[in-house]
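Coordinate analysis (summary)
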Amino acid sequence: MNGIRPVRPSSDPSNPVVVVGAGAAGISCALSAAEAGARVVLLEKSAELGGTVSQALIHTLGGLFDDQGSLLNTGLPAELAERLGQACSYTKQRRIGKTWVLDVDPAKYANVITDWVATTPNIDIVFHASVTKLSIHAGQIGQITISSNGNFDSVQPAAVVDATGDANVVRLVDAERVANGVALGGVILQFRGVATDALRFPNGVALLMDIRKAAETHQLPPECLTLWLDTGVYPDEAYAKFNVTPEQYDAASMQTAAARLLAFLQTKPAFGQAFINAQGRLGIRDGGRIKGEYCLTEADIKSGKQFTDRACRACWPIEHWHPGKGLSLEYLPAGSTYDIPLRSLKVAGFTNLWAAGKCLSAEPRAQASARVVGTCWAMGEAVGKYLGGNLQ
Amino acid sequence: MDIHDALRSYIINEAFKGTVPEGFDDDYDLIESGAMDSLFMMNLITYLGQQHQVEFGMNDMVPKNFKSINALSEFSRNKLASAQ
Ligand SMILES: Cc1cc2nc3c(=O)[nH]c(=O)nc-3n(C[C@H](O)[C@H](O)[C@H](O)COP(=O)(O)OP(=O)(O)OC[C@H]3O[C@@H](n4cnc5c(N)ncnc54)[C@H](O)[C@@H]3O)c2cc1C
């Protein structure tokens with residue numbers, strides 16, 4: 001891949017910031033640390049950049065705007081929105097209920113960030129990578145061992161940032177420092193060939209009611225009982241989101257459910273020509289949160305709490321996907337925003353172990369607001385900037 | 001409770017968590033204000049069906065029926081009357 005170099009830990013005297021996970025938070029952390037002058041090693045377990053957005057086909061980026069539609073955080077989240085707009089003329093800001101999102105094509109998103117990282121100096125990426133061992137001394141991460149495609153390498157990091165989404169690095173250090181995830185996951189289908197405005201509000205709700213009735217009468221499989229539909233970025237695009245309990249996920253029955261849903265939709269005039277263009281991988285909303293120096297609470301976010309060590313601002317509603325009760329959406333008071341403190345991104349008891357993104361230190365209902373993509377970008381940027389600045 | 005009052009209290013409690021915005025009345029535009037998002041609309045339709053036997057057909061899913069408390073209660077009353 002152009003501009004992406006293999007890791008060369010021994011050739012550079014300065015200890016790198018090691019960012020683990022190249023999703024929203026990891027990418028922005030790597031970019032900002034590198035821009036602040038640090039050498040960055042970015043480790044990604046898969047073969048691509050983008051994380052949940054590209055893997056699970058997230059197409060409505062939340063957390064970029066306040067409830068008036070103005071940018072919440074300047075810096076990299078704003079630059080991301082601009083780059084996405086330049087890369088695809090269909091990228092657009094849209095109001096959903098009382099929130100604002102950026103409608104994007106997840107494939108374009110992956111291209112944009114891949115180019116961005118490739119043209120930013122000082123970032124070494126290792127794909128198919130995982131951290132296999134970390135040495136710890138007096139609350140400090142020392143040597144870390146990285147495996148990639150059967151090869152092992154070791155790095156002496158200045159700091160380690162767990163941006164794995166699931167707190168996988170912190171789990172390896174000390175499983176007691178991770179609170180287990182408690183939320184439904186999801187599988188998203190991308191349809192093309194759909195008639196324009198097929199799902200325009202409130203048409204989509206009518207179709208959803210129809211799908212639910214069909215699922216109740218066993219015309220459609222039970223996976224469709226709690227299905228959600230959304231418009232896409234292109235006029236002929238639509239998305240369907242299945243709710244999934246991650247522990248019970250079965251790829252084969254999801255495949256069958258997807259095929260039956262398509263057949264059902266094709267009986268509707270607006271979906272007569274529709275086809276499945278892409279199927280996302282299982283997306284995890286809450287795969288575990290670190291126990292940080294501060295745990296962001298539901299009360300903090302509802303009261304619009306401000307912190308002197310603000311990493312970023314956020315205001316997404318509490319979008320809680322309860323494993324038993326399903327989705328509930330609780331808006332924060334009109335006009336209110338809250339801060340995410342840097343301390344909720346720093347693992348308690350360690351001097352150089354950080355986290356960014358959906359595995360921040362937060363109560364489950366606070367994470368249900370803070371995990372949206374724009375906020376993950378803002379968290380990652382704050383950690384990267386802090387580390388880059390402090391290492392100089 | 002009359003369907004109008006029931007709708008009013010359901011909407012105030014569920015969409016506004018008991019605290020209504022300034023200028024709120026029975027003609028308050030629920031769609032324009034963002035209160036009537038897709039999720040709330042689904043929940044409202046389920047509530048009206050289960051608690052008040054108001055059934056929505058495909059042709060009833062138009063913005064004008066969901067615009068305000070008054071619009072919803074007029075729609076519901078007409079539905080109930082025509083079902084009798
Ligand atoms: C079904 C679903 C729908 C959603 N819908 C929306 C939405 O509409 N709008 C919105 O804004 N947000 C949405 N979200 C939430 C949002 O997508 C995520 O919270 C956010 O993208 C998380 O970003 P992240 O950087 O924290 O983690 P991720 O994007 O998950 O990135 C983590 C990366 O780390 C890698 N990794 C994991 N473990 C290791 C390891 N041990 N070593 C190396 N690499 C590793 C992964 O491969 C991945 O690339 C949704 C989430 C789900 C699951």
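Everything discussed here concerns the structure shown above.
Residues numbered from 1 in each chain as written. Chains lettered and ligands numbered in written order. Predicted model: local features only at pLDDT ≥ 70, side-chain atom pairs only at ≥ 80, totals over all residues. Heavy atoms only, no water.

Examining the overall build of chain A
Rules: Starting at the N terminus, helices and strands are each numbered in turn, a helix being any DSSP run of H or I of at least four residues and a strand any DSSP run of E of at least two. When accessible area is computed with a 1.4 Å probe and restricted to protein chains, residues below 20% of their type maximum are described as buried, those above 50% as exposed, and intermediate ones as partly exposed. By definition, residues are in contact when any of their heavy atoms lie within 4.5 Å. For every accessible area listed, the method is Shrake-Rupley and the probe measures 1.4 Å; residues are considered covered only by the protein chains on display. For this count, His and the chain ends are skipped, Lys and Arg are scored as positive, and Asp and Glu as negative. The atoms used to mark charge sites are NZ of Lys, CZ of Arg, CG of Asp and CD of Glu.
What chain A contains, in helices and strands, is 10 helices and 21 strands. Overall, chain A is about 65 × 45 × 40 Å in size when its C-alpha atoms are taken along their principal axes. By residue count, 58% of the 392 residues in chain A fall in the buried class. Expressed as a percentage of contacts within chain A between residues at least 6 apart in sequence, the contacts between residues at least 24 apart total 73%. Total accessible area on chain A is roughly 15,500 Å²; 50% of this is exposed by carbon and sulfur atoms. Both charge centroids of chain A, one from 35 positive and one from 36 negative side chains, sit 2 Å from each other.

What to know about helix H1 (residues 24–35) of chain A
Residues and elements named next belong to chain A. This is how the line gets drawn: Here a helix's expected span is defined as the number of its residues, less one, multiplied by 1.5 Å.
In this model H1 runs 17 Å from its N-terminal to its C-terminal C-alpha over 12 residues, within 8% of the 16 Å that 1.5 Å per residue would give. Counting buried residues along H1, 11 of its 12 residues qualify, which places the element largely inside the surrounding structure. All of the buried residues in H1 are Ala24, Ala25, Gly26, Ile27, Ser28, Cys29, Ala30, Leu31, Ser32, Ala33 and Ala34. A positive backbone phi angle near 105° is found at Gly37, which sits one or two residues after H1.

Concerning the interface of chain A and chain B
Formally: Buried area: the accessible area, evaluated with a 1.4 Å probe, that two parts lose upon being put together, summed over both parts. Salt bridge, as used here: a side-chain nitrogen of Lys or Arg that lies within 4 Å of a carboxyl oxygen of Asp or Glu. For this analysis, a polar contact is any N or O atom pair within 3.5 Å, provided that within protein one partner can donate a hydrogen and the other can accept it, and provided that sequence-adjacent residues contribute only side-chain to side-chain pairs. Under the convention adopted here, Pro, Cys and the residues Ala, Val, Leu, Ile, Met, Phe, Trp and Tyr are nonpolar, Asp, Glu, Lys and Arg are charged, and Gly plus all remaining residues are polar.
Between chain A and chain B, the contact holds 18 residues from the first and 20 residues from the second. A combined buried area of about 1,600 Å² lies between chain A and chain B, and 73% of that area is made up of carbon and sulfur atoms. At the boundary of chain A and chain B, one finds 0 salt bridges. Linking chain A with chain B are 3 residue pairs in polar contact (both at pLDDT 80 or more), by the criterion used here. Going through the elements one at a time, helix H6 (203–216) and strand S19 (326–330) of chain A are the ones with two or more residues in the side of chain A that touches chain B. Ranked by residues supplied to the side of chain A that touches chain B, first place goes to H6 of chain A with 8 residues. Considering only residue class, the side of chain A that touches chain B consists of 11 nonpolar, 1 polar and 6 charged.

Some words on the site of the ligand
Residue and element names in this part refer to chain A. Note the cut-off: The cutoff for a nearby residue is simple: one of its non-hydrogen atoms must lie within 4 Å of the molecule or strand.
In the vicinity of the ligand there are 32 residues, among which Glu44, Thr52, Thr60, Gly62 and Arg371 approach most closely. Asn168 is positioned with one of its side-chain polar atoms (N or O) 2.9 Å from a nitrogen atom of the ligand. In isolation the ligand exposes 1,000 Å². Once the protein is present, 94% of that is buried. Elements with a minimum of two residues in the shell around the ligand: H1, helix H2 (52–56), strand S3 (60–61) and helix H10 (373–391). Its residues placed into classes, the shell around the ligand shows 13 nonpolar, 13 polar and 6 charged.

With respect to the environment of Pro341 of chain A
Residue and element names in this part refer to chain A. Structurally, Pro341 is set in strand S20 (residues 338–341). In sequence terms Pro341 and Cys295 are 46 residues apart; their C-alpha atoms lie 9.2 Å from each other. Non-local contacts of Pro341, meaning those with residues more than four positions away in its chain, are made with Tyr294, Leu296, Phe307, Asp309, Arg310 and Ala311.

So, the packing of helix H1 (residues 3–15) of chain B against helix H4 (residues 69–83) of chain B
All names here are of chain B. Quick note on the threshold: Note on geometry: axes are lines fitted to C-alpha atoms, helical ones only across the stretch in contact, with angles between N-to-C directions running from 0 to 180 degrees. Oblique is the label for any angle not covered by the other classes, which are roughly parallel (under 35 degrees), roughly antiparallel (over 145) and roughly perpendicular (65 to 115). Crossing handedness is defined as follows: a turn of the near helix away from the far one that is anticlockwise and smaller than a right angle gives a left-handed crossing, while the clockwise case is right-handed.
For the pair H1 and H4, interaxial distance at closest approach is 9 Å and the crossing angle is 135°. Comparing their axes, H4 and H1 come out oblique. Seen along the crossing, H1 lies across H4 with a hand that is right-handed. Contacts between H1 and H4 pair Ile3, His4, Leu7, Arg8 and Ile11 from the former with Ile69, Asn70, Leu72, Ser73, Ser76, Arg77 and Leu80 from the latter. Considering only residue class, the contact of H1 with H4 consists of 6 nonpolar, 4 polar and 2 charged.

Description of the side chain of Gln190 of chain A
Residues and elements named next belong to chain A. With respect to the element layout, Gln190 can be found in strand S12 (residues 185–192). Only 2.8 Å separates the side chain of Gln190 from the side chain of Tyr239, close enough to count as a polar contact. With residues near it in sequence (within four places) discarded, Gln190 still touches Leu57, Pro106, Glu237, Ala238, Tyr239, Phe275, Ile276, Asn277 and Ala278.

Brief notes about the pairing of S19 of chain A
All names here are of chain A. Test applied: Any two strands with at least two DSSP bridges between them are considered paired.
Looking at chain direction, strand S18 (residues 318–322) and S19 are connected through 5 bridges and run antiparallel. For His320, the partnering residue across the bridge sits in S19 and is Ser328. Hairpin connection from S18 to S19: 3 residues lie between these consecutive antiparallel strands.

Some words on the sheet that holds strand S14 (residues 238–244) of chain A
All names here are of chain A. The sheet built from 4 strands is open, its strands ordered S13-S14-S12-S15 with antiparallel pairing. Of all strands in the sheet, those with a lone pairing partner are strand S13 (228–231) and strand S15 (275–279), marking the two edges. This sheet shows a mean twist of 30° between the axes of neighbouring strands, independent of strand direction. Direction of pairing for S12 relative to S15: antiparallel, over a ladder of 4 bridges.

Considering the sheet that holds S3 of chain A
All names here are of chain A. One open sheet accounts for 3 strands, arranged S3-S5-S4; its pairing is antiparallel. With one partner strand each, in any of the chains shown, S3 and strand S4 (92–96) form the two edges of the open sheet. Relative to strand S5 (residues 99–103), S4 runs antiparallel, the two being bridged by 5 bridges. Counterpart to Lys92 in the pairing with S5 is Asp103.

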